[in-house]
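So you can see what is in the structure, the chains are spelled out below.
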Amino acid sequence: MDFLEEPIPGVGTYDDFNTIDWVREKSRDRDRHREITNKSKESTWALIHSVSDAFSGWLLMLLIGLLSGSLAGLIDISAHWMTDLKEGICTAGFWFNHEHCCWNSQHVTFENRDNCPEWNSWSQLIISTEEGAFAYIVNYFMYVLWALLFAFLAVSLVKVFAPYACGSGIPEIKTILSGFIIRGYLGKWTLIIKTITLVLAVSSGLSLGKEGPLVHVACCCGNILCHCFNKYRKNEAKRREVLSAAAAAGVSVAFGAPIGGVLFSLEEVSYYFPLKTLWRSFFAALVAAFTLRSINPFGNSRLVLFYVEFHTPWHLFELVPFILLGIFGGLWGALFIRTNIAWCRKRKTTQLGKYPVIEVLTVTAITAVLAFPNEYTRMSTSELISELFNDCGLLDSSKLCDYENRFNTSKGGELPDRPAGAGVYSAMWQLALTLILKIVITIFTFGMKIPSGLFIPSMAVGAITGRLLGVGMEQLAYYHHDWAIFNSWCSQGADCITPGLYAMVGAAACLGGVTRMTVSLVVIMFELTGGLEYIVPLMAAAMTSKWVADALGREGIYDAHIRLNGYPFLEAKEEFAHKTLAMDVMKPRRNDPLLTVLTQDSMTVEDVETIISETTYSGFPVVVSRESQRLVGFVLRRDLIISIENARKKQDGVVSTSIIYFTEHSPPMPPYTPPTLKLRNILDLSPFTVTDLTPMEIVVDIFRKLGLRQCLVTHNGRLLGIITKKDVLKHIAQMANQDPDSILFN
């Protein structure tokens, strides 16, 4: 009797912390598609089913775009309101943030647009005055208190309900997209807790952003919605195509950059990115951006917070300071990665990691106490970047625009370069202090047990540096316009230098230095700011920062965190340059016990169950006999366990002495022997094999490009050993003089 005519539930699925078999998943999808296509010719109902199956991918993208766009809008609005709550409350309606509160006011002038009677600071509410030292202390105390409350709620919710909701999520998503399974990482609890705690973490004033976690949120949406469609629920490889598109939608809503999102998914997170996924990512990113635009969370009818309009063209000489910013970005990126990884390793290996709540509260307290006295650290990082990108106009009341003779406009309505006033000098000092605080505190913040993105803090470091350099260049051009480097293109009273552009280029350089993005970074930056004519400066800075950072360390921050956590991720960008052979890497090595194998027609159920209980291997090669060692196929441990359990329940007479057959036909058995168990259907008859003399660079390439879990090693057709993905990763680590045991998931 062959009970396997019917598919067994559970066969072909994977355990937690295992790698999927890409080849098997793709082949199952092709079989499913072929079956639907053949049936569609038989009846109208089957044809409708075929059309709906083809359309389901696009419908899924639409739903992902709508859900991630809505959640991003909700997070933006809530974070804006809660950030302002640290400073005061709106008496006209507590649900208004500072800006909306004063928009609705009848008693506000354009000059004093931030001061309206409806908005009360905490000192006004508690002691009825805003003047004096005591009022300052009350505001200071309330600011720190709210920050600590938000941070405590965020870390407590993560710790109790969804430990996977911490961090940025991008290293884990890269690993999942490469075929690794982390159950619950993209589940509904993670989605709910990450959404709530992301708002709390951003509002607490810590040096972190919401952009990376929004990619995780969008991927959670994608994974949950996959369960509504059979095609994606039952196939892990198809699901990963959806998650690639969801990552694009996440960046699309994080930055309001749909094309940048698609390129980010392609360049940074995806492992397998066919053309069909490119189109679907484009559609998901479009829908997500459209949804966010409909919600209009910033109230400026734009998708982004940092929209700028620069009017002055840049000059060729300015490429020199732009490249200097690129060098700074590369140096900061390499420094940040080294120090952050060292700190995260310390957190993992010492007592520090056991007290996440105390760590988060300590960092929050230090951040809040140091941030309040300086207006540039007190404001949210997004607002700070927005102010640094801004080009000073006639109506700007910011200290950064406090120039002397500011209303002496030139012919075209442009503001000429002018001498800096007292406000600009005081702003420069405050920005320099802000830069030091951001550089130091971000190292300790990224990697704590709360949702924390890295895009915004990195951009802030670059934008501050860029603005400082831009103002310096502007003053140099004003006072020394007769120097040879300026006199050909910058006459006195002209508007030559745009400090906001330098901030934008610096932001791109620092973000590139930390993440090592290039193409997607430049596209995100010009979509983010609308600065289309500044692509060349952005490209120059992004490329320089990547070269400098790569010279000091090969890994970007996400790859470094993947390695720190020991995820089995095979990097596609690295070349394998060593001259080793398959026989040097395969198990068993010389002097090791022999390879555990199953024979095709001579083992009983008891023999197989003994092997399963005594070993922890994920699968077993099947051979003709122990003497010949001729390879027949490969069977997975999980499939074996499920099939034997199922047979004991469903098939009469199967006992421990029943013989298991992996052959097409079982020979006739003498009477009174227990019935045989045929398991040919779960046997992979075409496992990947290489010979013992295959160079390891080819083996590594096969593992990368086909996404294999394991590969068998033969010599003249006889089975010699096996190479698994972990063996390959350990071998690469060994060749790079790293600890090979760090490649085990922990």
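The model shown is predicted, which means the values in this text are computed figures rather than measured ones. (Residues numbered from 1 in each chain as written. Predicted model: local features only at pLDDT ≥ 70, side-chain atom pairs only at ≥ 80, totals over all residues. Heavy atoms only, no water.)

(A) Region of interest: the sheet that holds strand β3 (residues 598-599). One open sheet accounts for three strands, arranged β3-β5-β6; its pairing is mixed. The sheet is open, and its two borders are formed by β3 and β6 (631-636), each paired with just one other strand. The pairing of strand β5 (residues 619-623) with β6 spans five bridges and is antiparallel. Residue pairing in the sheet places G619 in a bridge with L636 of β6. Against the sheet, helix α26 (residues 637-650) makes contact with β3, β5 and β6, and its axis sits at roughly 75° relative to β6, the strand it touches most. (Pairing = 2+ DSSP bridges. Helix = DSSP H or I, 4+ residues; strand = E, 2+ residues; numbered from the N terminus. Contact = heavy atoms within 4.5 Å. Axes fitted to C-alpha atoms, helices over the stretch in contact; angles between N-to-C directions.)

(B) Inspection of the packing of helix α25 (residues 605-614) against α26 at higher detail. Taken N-terminus to C-terminus, the directions of α25 and α26 make an angle of 140°; their axes are 11 Å apart at the nearest point. Between α25 and α26, the angle falls in the class oblique. As for the relative orientation of α25 and α26, their crossing is left-handed in sense. Judged by residue contacts, V605, V608, E609 and I612 of α25 engage R637, L640, I641, I644 and R648 from α26. Its residues assigned to classes, the contact of α25 with α26 comprises six nonpolar, no polar and three charged. (Parallel < 35°, antiparallel > 145°, perpendicular 65-115°, else oblique. Left-handed = near helix turned anticlockwise from the far one by under 90°. Nonpolar A, V, L, I, M, F, W, Y, C, P; charged D, E, K, R; others polar.)

(C) Quick look at the side chain of N374. Among the secondary structure elements, N374 is positioned in the loop between α14 (356-371) and α15 (375-378). Overall, the relative accessible area of 9% leaves N374 in the buried class. Side chain to side chain, N374 and T434 meet in a polar contact 3.1 Å long. Among all residues touching N374, those that are not within four sequence positions of it are Q430, L433 and T434. (Buried < 20%, exposed > 50% of the residue type's maximum accessible area, 1.4 Å probe, protein only. Polar contact = N/O pair within 3.5 Å; in protein donor to acceptor, adjacent residues only side chain to side chain.)

(D) Spotlight on the UniProt feature "domain: CBS" (unreviewed entry) in the chain. Look at the UniProt record and you will see "domain: CBS" (unreviewed entry) annotated at residues 586-650 and 682-742. This span, residues 586-650, is 37% helix and 23% strand, and a straight line between its end C-alpha atoms measures 39 Å. (UniProt positions renumbered as here; feature names shortened; annotations may be inferred.)

(E) Quick look at the domain arrangement of the chain. The domains assigned to the chain are domain 1 (84-295), domain 2 (316-404 + 416-559) and domain 3 (582-736). Placing the centre of domain 1 and that of domain 3 at their C-alpha centroids yields a distance of 47 Å. (Domains from an automatic or database assignment.)

(F) Expanded view of the side chain of T83. Mapped onto the secondary structure, T83 falls in helix α2 (residues 44-85). Owing to a relative accessible area of 10%, T83 belongs among the buried residues under this scheme. A distance of 2.6 Å separates a polar side-chain atom of T83 from the backbone oxygen of A79. Apart from the residues lying within four places of it in its own chain, the contact partners of T83 are V202, S203 and S380.

(G) Local environment of the packing of aromatic side chains. The full count for this structure, using the stated rule, is 23 aromatic pairs. Here the aromatic rings of Y478 and Y479 are separated by 5.0 Å at their centres, their planes lie at 85°, and the arrangement is edge-to-face. With relative accessibility at 21%, the residue Y478 sits in the partly exposed group. Owing to a relative accessible area of 48%, Y479 belongs among the partly exposed residues under this scheme. The ring centre of W58 lies 5.3 Å from the NZ or CZ of R280, which sits over that ring. (Phe/Tyr/Trp six-rings, centres within 6.5 Å; stacked < 30°, edge-to-face > 60°. Lys NZ or Arg CZ within 6 Å of the ring centre and 35° of its normal.)

(H) α25, seen in detail. For α25, the complete set of buried residues consists of V605, V608, I611 and I612. Down the axis of α25, the smallest arc covering the buried residues is 130°, so these residues share one side. Seen from the buried face of α25, the exposed residues on the opposite side, beyond 90 degrees, are S613 and E614. Elements in contact with the buried residues of α25: β3, β4 (603-604), β5, α26, β7 (659-661) and β8 (677-678). (Arc of directions from axis to C-beta.)

(I) Region of the structure containing the state of the cysteines. Taken as a whole and assessed by the stated rule, the structure comprises two disulfides. Each sulfur in the disulfide pair C102 and C116 lies 2.1 Å from the other. As the torsion about the S-S bond is roughly -75°, the C102-C116 disulfide counts as left-handed. A residue pair is termed long-range when its members are at least 10 positions apart, and C102 in helix α3 (residues 98-103) and C116 in the loop between α3 and β2 (119-121) qualify at 14 residues. Classification of C102 by relative accessible area gives buried; the value is 4%. On the basis of relative accessible area, C116 is assigned to the buried category, the value being 7%. Here C219 stays unpaired: no disulfide links it, and the sulfur of C220, its closest cysteine neighbor, is 7.4 Å away. Not part of a disulfide, C226 finds its nearest cysteine sulfur in C228, a span of 8.7 Å. The class for C226 is buried, based on a relative accessible area of 0%. (Disulfide = S-S within 2.5 Å.)

(J) Examining the environment of G500 more closely. Considering the arrangement of structural elements, one finds G500 in helix α20 (residues 499-515). Residues G500 and V519 lie 19 residues apart in sequence; the distance between their C-alpha atoms is 22 Å. Every residue in contact with G500, bar those within four places of it in the chain, is listed here: F310, L388, F389, N390 and R467.

(K) Geometry of helix α10 (residues 236-255). Taking 1.5 Å of rise per residue, the 20 residues of α10 would be expected to cover 28 Å, and the 29 Å separating its terminal C-alpha atoms lies within 8% of that figure. Of all the 20 residues making up α10, 20 are buried; the element is thus mostly covered by neighbouring parts of the structure. Two to three positions downstream of the cap, the backbone nitrogen of A237 sits 3.1 Å from a side-chain oxygen, assigning the N-cap of α10 to N235. Two residues or fewer past α10, G256 is found with a positive phi of approximately 65°. (Expected span 1.5 Å × (residues − 1).)

(L) Spotlight on the nonpolar core. Of all hydrophobic cores here, the largest spans 159 residues; its most connected members are F255, F264, F389, I450, M459, M525 and I723. For this core, the element with the most residues is α20, which contributes eleven residues. Membership of the second largest hydrophobic core comes to 20 residues, among which are V635, L640, L679 and I682. (Core = buried A, V, L, I, M, F, W, Y, C linked by side-chain atoms within 4.5 Å.)

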